[in-house]
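Tertiary structure, described
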Amino acid sequence: MNPSQPSLLRKLENVDHLPTLPAVLAPLLRYLEQPPENIDLQQVIELISQDKSLTAQCLHMANSPLFGRLQTVDSVRGAVMALGIRHMREIAVSCSVLKLMPSVRSTLDPSVFWVHSFSCALVSQKLAQRIRFYNPEKAYLAGLLHDLGIIAILWLAPDDFCAAFDLARCEEIPLHEAEQRTLGFSHCETGEILAHRWNLAADVSAVVQFHHHPETAPAHRSLVAIVHLADLLCRMRDLGYGYPEQRQINLLESQAHALLIAECPDLAGFDWARFTFELDNYLIEVRSLVAHLHS
Amino acid sequence: MTTGASASRVVADSSGAYPDTQLLRIRDLVYDVAGIFHPDHNLVRFEECCRGRMQQVGSASLAGYFDCLAVNPSCQAELVNLLNDITVGETQFFRNQAQADAIRRVVLPRIAAGKADLPVHHLRIWSAGCCTGEEPYSLAIQLLEASTDPGPLQGWDFEIFGTDINERALSRARVGVYSQLSARHVSPLLREKYFTVADHNLAVAALLKPKVTFSRLNLLDDSRMTFMKSMDVILCCNVLIYFDMLSRQRVLQHFYNCLLPQGYFFVGAAESLFGLTEDFTLVHFPGATGYIKAPRRGFTRQLS
């Protein structure tokens, strides 16, 4: 951290009015983390029903054409059945987290932020599946939440964030580098504080904190590396923060690649070119998902 | 023989139905054999090409057409026909804008920085399989712009080589007269600057021609390939897809030897070198992919 700029971070650590997650989210996520065969549908329904706005959002999503419903879904049970367990988790997280975006005017369009987050989630999960990482579902969740720190900066110092974002866009450089230059810290540090406050699982917190430098993560390095690579790919494929980063990325020679290959040897024969071309498919899927969450 | 109605059927209709698994088999076959990939959202046009070819060869179903491509003795010839249909219309100015941007904004500045201490500031770029010349002329326009604008390439000189096996295509390239359609991605400003209108067509301006040298070259001609030396960038778009595996590997080894150590190699937007070579490493740019020489292979490899 830049010693001349610690005050904002300290402010974040001590601030009382930080946004909070719905109380039901943490137990729900923990419950959904179990192997699918252990999950009791009734238990999921009861957890969701505890939160009115989550219930409403589930019904809204279940009735959206995105899931191709022909009949109206009017119960939580019907919604969970229609959406499937996997979608329950993403809707629960996104519904909870979407509300946390402060309504201040910002140069970063919230829907761009969410398209990036959902893309990173999807790409992390697909990558994890292809290289047989042991928990692709965790990769999805970590990908979805990796940029939490941006929300914290938006709460804390919206004007400073705008300056950082404008610098990044103007010079076409990575956002975290621009944050470092203008604020003296990046969304990795603010994300760490938020993840701690929200009591997120240790592996997801590690991703939030270290996704730009997976080699510095003390633990959960494979998960961090997966999200790091997925994040880079998204940003190179028009699924980033709405501007191109004019640079060259060599995934195969990256430290993240070296870290990951030790745990997932399947990565050695992985067709990155094809995986990159396939990314363009997700753009359409993710944009319509975000559009529905926002509607 | 299929009917016109079935030929116009498309895969991904508005209800979002999954693409036909037979179509995906053909997609994967084309990728495995030719190295050109069609993501799901591009499958509509891909299926149109397949169905068009099915009519020609009298195949009644996609499954039958898959066999025609994969099993029949004539499969190689039919694959070429399909690839021709897939890549039709690719010969346009600035067809691949993301790749062009990557070359101008990332690749050439990096190369220039590496050569900054040399007495002569000079770049050599080769468009291999340039057909009627749209790609080398597009590069020449970009480089003329970049070398006169303030920026990392200001004052740099360059030469562009366009080669093709087809002498007739090369004659047209040398004449440099194109339809309005092939220049539709060219901005009005650049059109004004680098083209003149001639009988509803566009002729490339005189200042562009000395920048591009066209010559006939068969990429499989080992002795002539060794003359193509010291290239900074090589582009070979939608050409290798027509070659069999061994020829592709042979051509790639030539390209490797023709490139300078810090050089870059580009193929078409949907093409991949996966599984073909360990000499090149995939790198990413915004919206585009390219290849650099793999590390620890800095010596010239002999053809085996």
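Structure first, text after, so check above.
Right, let's walk through the structure included here.

Criteria and cut-off values
Residues numbered from 1 in each chain as written. Chains lettered and ligands numbered in written order. Predicted model: local features only at pLDDT ≥ 70, side-chain atom pairs only at ≥ 80, totals over all residues. Heavy atoms only, no water. Core = buried A, V, L, I, M, F, W, Y, C linked by side-chain atoms within 4.5 Å. Buried < 20%, exposed > 50% of the residue type's maximum accessible area, 1.4 Å probe, protein only. Contact = heavy atoms within 4.5 Å. Pairing = 2+ DSSP bridges. Helix = DSSP H or I, 4+ residues; strand = E, 2+ residues; numbered from the N terminus. Salt bridge = Lys/Arg side-chain N within 4 Å of Asp/Glu carboxyl O. Polar contact = N/O pair within 3.5 Å; in protein donor to acceptor, adjacent residues only side chain to side chain. Nonpolar A, V, L, I, M, F, W, Y, C, P; charged D, E, K, R; others polar. Expected span 1.5 Å × (residues − 1). Axes fitted to C-alpha atoms, helices over the stretch in contact; angles between N-to-C directions. Parallel < 35°, antiparallel > 145°, perpendicular 65-115°, else oblique. Left-handed = near helix turned anticlockwise from the far one by under 90°. Right-handed = clockwise from strand over helix to strand, strands pointing away.

**Considering the nonpolar core**
Among the nonpolar cores identified, the biggest contains 143 residues, and Trp 272 of chain A together with Trp 126, Leu 219, Phe 255 and Phe 265 of chain B are the most heavily contacted of them. In this structure, Trp 126 of chain B is in contact with Phe 161, Thr 163, Leu 217, Leu 219, Met 225, Met 228, Met 231, Val 233, Ile 234, Leu 235, Phe 255 and Cys 258 of chain B, ignoring residues within four places of it in sequence.

**Overview of the sheet that holds strand 3 (residues 177–178) of chain B**
Residues and elements named next belong to chain B. Taking strand neighbours across the sheet as the criterion, the 3 strands line up as 3-5-4 in an open arrangement whose pairing is antiparallel. The sheet is open, and its two edges are formed by strand 3 and strand 4 (195–198), each paired on a single side. By the bridge criterion, 2 bridges tie strand 3 to strand 5 (residues 201–204) in an arrangement that is antiparallel. Among the inter-strand pairings, Tyr 178 is bridged to a residue of strand 5, identified as Leu 202.

**What about the interface of chain B and chain A?**
Between chain B and chain A, the residue contacts involve 28 residues of the former and 26 residues of the latter. Joining chain B to chain A, the criterion identifies 2 salt bridges. Among the ionic pairs, Arg 105 of chain B bridges to Glu 172 of chain A, the shortest N-O distance being 2.4 Å. On the surface where chain B and chain A come into contact, there are 9 residue pairs in polar contact (both at pLDDT 80 or more). Elements that contribute at least two residues to the side of chain B that touches chain A include exactly helix 2 (21–34), helix 6 (97–114), strand 9 (280–285) and strand 10 (288–293) of chain B. Partitioned by chemical class, the residues of the side of chain B that touches chain A number 16 nonpolar, 6 polar and 6 charged.

**Some words on helix 6 (residues 110–130) of chain A**
Spacing of three or four residues puts side chains on the same side of an α-helix, whose turn is 3.6 residues. All names here are of chain A. Over its 21 residues, helix 6 extends 30 Å from the first C-alpha to the last, a length consistent with the 30 Å expected when each residue adds 1.5 Å. Where burial is concerned, most of helix 6 is hidden: 15 out of the 21 residues are buried. Put simply, Asp 109 is the residue that caps the front of helix 6, since its side-chain oxygen is 2.9 Å from the backbone nitrogen of Ser 111. Looking at the residues trailing helix 6, positive phi occurs at Arg 132, about 55 degrees.

**A word on the packing of helix 4 (residues 52–62) of chain A against helix 15 (residues 272–294) of chain A**
Residue and element names in this part refer to chain A. Helix 15 packs onto helix 4 with a crossing angle of 130 degrees between their chain directions and a minimal axis gap of 10 Å. By the angle between their directions, the pair helix 4 and helix 15 is classed as oblique. The hand of the helix 4/helix 15 crossing is right-handed. From helix 4, Gln 57, His 60 and Met 61 reach across to helix 15, where they touch Leu 289, His 292 and Leu 293. Its residues assigned to classes, the contact of helix 4 with helix 15 comprises 3 nonpolar, 3 polar and no charged.

**Side note on the pairing of strand 1 (residues 122–128) of chain B**
Look at any regular strand and the pattern is simple: side chains alternate between the two faces of the sheet. All names here are of chain B. Summarising burial for strand 1: 5 of the 7 residues are buried, a large majority. Pairing of strand 1 with strand 2 (residues 157–164) involves 7 bridges; the strand directions are parallel. Residue pairing for strand 2: His 122 is matched across the bridge by Asp 157. For the handedness criterion, the β-α-β arrangement of strand 1, helix 7 (residues 134–148) and strand 2 is classed as right-handed. Pairing between strand 1 and strand 7 (residues 231–235): 3 bridges, direction parallel. Of the residues in strand 7, the one forming a bridge with Ser 127 is Leu 235.

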